[in-house]
Amino acid sequence: LKPFGPKLLVIRCNNLIRSRLLLKKSTIEKNSDIELLATNPMDKKFLQDCNAYIEENMDNSDFSVDALAQKMNMGRTTFFNKFKALTGVTPNDYVLNYRLNLSAVLLKEKPELQISDVAYRLGFNSPHYFSQCFKRKYGVTPKDFRG
């Protein structure tokens with residue numbers, strides 16, 4: 001409401017920025033809730049399309065951010081900047097987190113699958129690299145996580 005104090009405006013802006021950063025940080029860990037990250041319908045559609053394309057290519061070890069940018073009809077730099085502005089992480093980190101979150105679900109829900117099978121299903125070239133990434137994110141090896 002008018003009139004307003006400049007101090008109040010600065011405080012409200014800082015609170016909005018802080019809450020947005022906290023929201024991004026917490027949602028990225030959970031495979032990103034599109035409804036919370038995107039503030040307008042175009043951004044929601046953009047993130048939904050990105051997630052759909054990532055899902056389609058989950059087992060493709062040759063999947064790249066360039067292919068994702070091309071699918072979204074954008075140049076690499078433009079895509080990278082828009083994606084990072086919306087999610088707070090790079091597209092590569094987002095895809096890696098997406099795969100690792102899904103791997104945690106598969107390891108718990110399908111104990112009959114070998115760890116190497118999970119790695120290959122999610123597009124990792126080697127089970128060793130998958131185990132390294134998994135341990136970096138969750139602090140335990142896939143074998144210990146399952147057990």
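Our structure's up above, just so we're on the same page.
Residues numbered from 1 in each chain as written. Predicted model: local features only at pLDDT ≥ 70, side-chain atom pairs only at ≥ 80, totals over all residues. Heavy atoms only, no water.

Draft legend 1. Region of the structure containing the environment of L113. Along the chain, L113 falls in the loop between helix 6 (91–109) and helix 7 (115–121). For L113, a relative accessible area of 11% puts it in the buried group. For L113, the residues in contact, after removing those within four places along its chain, are V118, R121 and R146. (Helix = DSSP H or I, 4+ residues; strand = E, 2+ residues; numbered from the N terminus. Buried < 20%, exposed > 50% of the residue type's maximum accessible area, 1.4 Å probe, protein only. Contact = heavy atoms within 4.5 Å.)

Draft legend 2. Structural view of the nonpolar core. Counting residues in each nonpolar core, the largest one holds 32 residues, and the members touching the most others are F46, I54, L68, F79 and F130. When residues of this core are traced back to their parent elements, those giving at least two are helix 3 (41–56), helix 4 (65–71), helix 5 (76–87), helix 6, helix 7 and helix 8 (127–138). No other element matches the seven residues that helix 6 contributes to this core. Residue contacts for F130: discarding those within four places in its chain leaves L100, S103, L107, I115, V118, A119, F124 and P142. (Core = buried A, V, L, I, M, F, W, Y, C linked by side-chain atoms within 4.5 Å.)

Draft legend 3. Just the pattern of salt bridges, in detail. Counted under the stated rule, the structure contains three salt bridges. Linking K82 and D43 is a salt bridge whose minimum nitrogen-to-oxygen distance equals 3.6 Å. Highlighted residues: K82 in helix 5 and D43 in helix 3, separated in sequence by 39 residues. Classification of D43 as buried rests on a relative accessible area of 11%. Between D49 and K45 there is a salt bridge; the shortest N-O distance is 3.1 Å. Placement of the pair is D49 and K45 together in helix 3, with a separation of four residues, close to one helical turn. (Salt bridge = Lys/Arg side-chain N within 4 Å of Asp/Glu carboxyl O.)

Draft legend 4. Spotlight on the packing of aromatic side chains. Here the structure, examined in full by the defined rule, presents 12 aromatic pairs. Centroid distance F134 to F145: 5.2 Å. Interplanar angle 75°. Geometry classified as edge-to-face. Here F134 is found in helix 8, whereas its partner F145 is found in helix 9 (residues 142–146), with 11 residues between them in sequence. We note that F134, like F145, is buried. Here a set of aromatic residues connected by ring pairs shows up, and it is made of F124, Y129, F130, F134, Y138 and F145. Sitting above the plane of the F145 ring, K108 keeps its charged end 5.0 Å from the centroid. (Phe/Tyr/Trp six-rings, centres within 6.5 Å; stacked < 30°, edge-to-face > 60°. Lys NZ or Arg CZ within 6 Å of the ring centre and 35° of its normal.)

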